[in-house]
Each structure stands twice: as structure tokens, then as C-alpha cells.
Amino acid sequence: MIRTVVPKNARSKRALDKKEAKLSENVKQALFVPGANSNKVLHDAMVDLSALKKPHMKRFSKKNNVKPFEDAATLEFFSEKNDCSLLVSSSHNKKRPNTLTFTRTFGYKLYDMVELSIINHKFLADFKKATFNVGLKPMFVFNGPVFESHPVFMHIKSLFLDMFRGETTDLQDLAGLQQIIAISAGELEDSTIDEANAKLPTLHFRVYKLHTHRSGQKLPRVEIDEIGPRFDFKIGRRQFPSPELEKEAMKKAKQLEARTKKNIETDLVGDKIGRVHVGKQDLGKLQTRKMKGLKAKYDQVGEDFDDQVYEYPEEDDEPSSKKQKN
């Protein structure tokens, strides 16, 4: 158990404040933990994955005896000690060779896990091409309908988005959009069998660099170049969060909830419709054009003018000019 630390100075107090819950969370830190039976392939794979996560990552150099599916207490201890909510551990044995286990924690307690075994690989050193700068926000491409329908692939999509999404910002610059992470998977071989026992397709992990060139038009010509790393994963064991823990993790603070405005609705087209309540209007106080004929002192004169009755003379059949001639 980690003992409760009481801050003795301002520096330690600031360090403890960073670990507390915030309304707007910072970027999730990732911790890469090599297992006791890790090998060279897993070491290089974790080095390349941590390069994609820089600078929000930590990596252990020594091997540790971690078994996430048997006992997650060690990973929970590492998560709290290093203030990391994302962990990647490696293991290798005859039954599950070259395996990476991606783990997420909530409140430094185990949230979910996915086990991915490396089938084919090509590391960054094998491409020998110029990479992108550190700290860029990547763009994601998920190819395949299973990422929208199958629960396992929806879980993997959420995990990779949490792992590599970077800082949340509204400022976007075209020069900063250089990195593309493409994850693809084929369709299920037999959709009639149970999803839990179905043979899941291979997961393909690719990283590309985006280049823009002059095209003589307003929009530039875009080309992509694979820069690595490249992995083909076989999906192994997985552990989903409990409904109670998932509900607690997805809870939003009241300060961040959108306040509902009264008498404002949105129709089917998406237009905003508002209802305005107006009190009884007094037309006598209505502001009109400032002209002489509309002043208040002429109101009484106008009423007297309307009350008068005028009699018009009767018209004869013949004009008056003819009567005088006669």
C-alpha cells in the first residue's frame, strides 16, 4: 500500500494537486513495463510505440514480474506510483508468443485490458525514412465495419484513441497534421456464430506521414508515405469493465454539463427555434417617428375634427352656369 503523503512545502503540494481529479483532464500518461520473460522483439516494439506517445510516456528499463490477467495489483501500484492511467506490458511464452497487454485504469484501479500478440512486424529502424516531430496530434483512420458493430473492436478503437490522441485543442494548423495512424481489420468469417466465440480477424496497425505539394489550385496535393512502425496483431484475451465502473468513469462533472435554456428548441432540420413571451402592449406609449403631426398635443385636435358633421350642398341636375344663362 502507498502511504498517504502530507505536503511539507509548496513544491510537494503542487505535485499532489496534479494527481487530483480535474474538470478538464490533461493528456493521459502511458507507462511501458517489460515483463520478466520479455524478448528482443517485444523490447523494440515497446520502444517504437513509446516513440509515438512521446512526450507523455514513461518506460521501465528493467524487467518486472507482471501478470495482468492473474494479478493486477502490481500494475495498479505502478499506475499510482507513476501517475499513469495507461499501461503496456509485454510477455512471451509458448502458448502466447510476443504478446503486448494494453491496460487502462480508473482511479488507479484496473478498468479494462486487451491482449494483442504480434504476428508480423517492421520497426522504425527498418524503414530508414524521416519521421515526424515529437508532440504532434495524429489523425486516426479505422478501416472496417467491425469497428462500429463488434464490441471487441469497438473496445480496441476506444483504447487506441485514448493511447495516442494527444492534447485536446481547438487550434488546428495544416502544417501540424503530419501523422496518420491507420488501424484496419477485415470482416468476421462467420457472422452466424456467437460473437464471444467467433474467430476474430487480424488487426493491422500502420503509421503514415502526410506530405502536401503544390497543385496549382487552392487545395494542395496530398501524398502519404509509410514511416512505421508496422504491426499485425492477433487479438487474445480481453477484460471489459463492469457496468457500475463504466458508469462511474463516464460520469461528467456538473460544471461541464450543458445548461438547458428555456423556450429554445431545435427542429428536425437543425434550426434553432425560440419562444418569446411578450406582455400586454400599450400602443399609446409606442415610439413612432418624431414628426410634428404625430405629437401628443394634436391627438385632441384630431378627435374634435372627427366628431364634427359636415353637410354638403345638394347637386342639381343642371350645372349652375346654365341656370345663370337662362
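Reading the values: the criteria
Residues numbered from 1 in each chain as written. Predicted model: local features only at pLDDT ≥ 70, side-chain atom pairs only at ≥ 80, totals over all residues. Heavy atoms only, no water. UniProt positions renumbered as here; feature names shortened; annotations may be inferred. Pairing = 2+ DSSP bridges. Helix = DSSP H or I, 4+ residues; strand = E, 2+ residues; numbered from the N terminus. Core = buried A, V, L, I, M, F, W, Y, C linked by side-chain atoms within 4.5 Å. Buried < 20%, exposed > 50% of the residue type's maximum accessible area, 1.4 Å probe, protein only. Contact = heavy atoms within 4.5 Å. Patch = residues over 30% accessible without salt bridge, like charges linked within 9 Å, V, L, I, M, F, W, Y side chains within 5 Å. Areas by Shrake-Rupley, 256 points an atom, 1.4 Å probe, with all protein chains shown as cover. Salt bridge = Lys/Arg side-chain N within 4 Å of Asp/Glu carboxyl O. Lys, Arg positive; Asp, Glu negative; His and termini not counted. Charge placed at Lys NZ, Arg CZ, Asp CG, Glu CD. Phe/Tyr/Trp six-rings, centres within 6.5 Å; stacked < 30°, edge-to-face > 60°. Lys NZ or Arg CZ within 6 Å of the ring centre and 35° of its normal.

Looking at an unreviewed UniProt entry, the protein carries the name Ribosome production factor 2 homolog, with the source organism given as Babjeviella inositovora NRRL Y-12698. One UniProt comment on the protein, placed under Subcellular location (unreviewed entry), says "Nucleus, Nucleolus". Recorded under Sequence similarities (unreviewed entry), the UniProt text for the protein is reproduced unchanged: "Belongs to the RPF2 family."

Colleague: How would you sum up the pairing of strand β10 (residues 230-239)? Please name residues and give values.
Modeller: Pairing of strand β5 (residues 109-122) with β10, which is carried by 8 bridges, proceeds in the antiparallel orientation. Its bridge partner lying in β10, I118 is registered against F233.

Colleague: Could you give an account of the nonpolar core, naming the residues involved and the relevant values?
Modeller: If you look at soluble globular proteins, the nonpolar side chains tend to sit buried side by side. In terms of nonpolar packing, the biggest core is built from 37 residues, with L49, L100, L203 and F205 touching the most fellow members. Tallying contributions element by element places helix α6 (residues 151-164) first for this core, with 7 residues. Setting aside anything within four residues of it in sequence, one finds L49 in contact with F32, L100, F102, F164, F205 and F231.

Colleague: Could you give an account of a positive patch on the surface, with specific residues and numbers?
Modeller: Taken together, the side chains of R11, R14, K18 and K22 define a basic patch exposed on the protein surface. One can find R11 in helix α1 (residues 10-19).

Colleague: Summarise the packing of aromatic side chains; cite the residues concerned and give the values.
Modeller: Considering all chains together, one arrives at 12 aromatic pairs under this definition. Site record: aromatic cluster; members linked through ring pairs are F102, F123, F160, F164, F205, F231 and F233. Just above the ring of F142 sits the side chain of K157; from NZ or CZ to the centre is 5.4 Å. In this structure, R237 is placed above the aromatic ring of F69, and the distance from its NZ or CZ to the ring centre is 4.4 Å.

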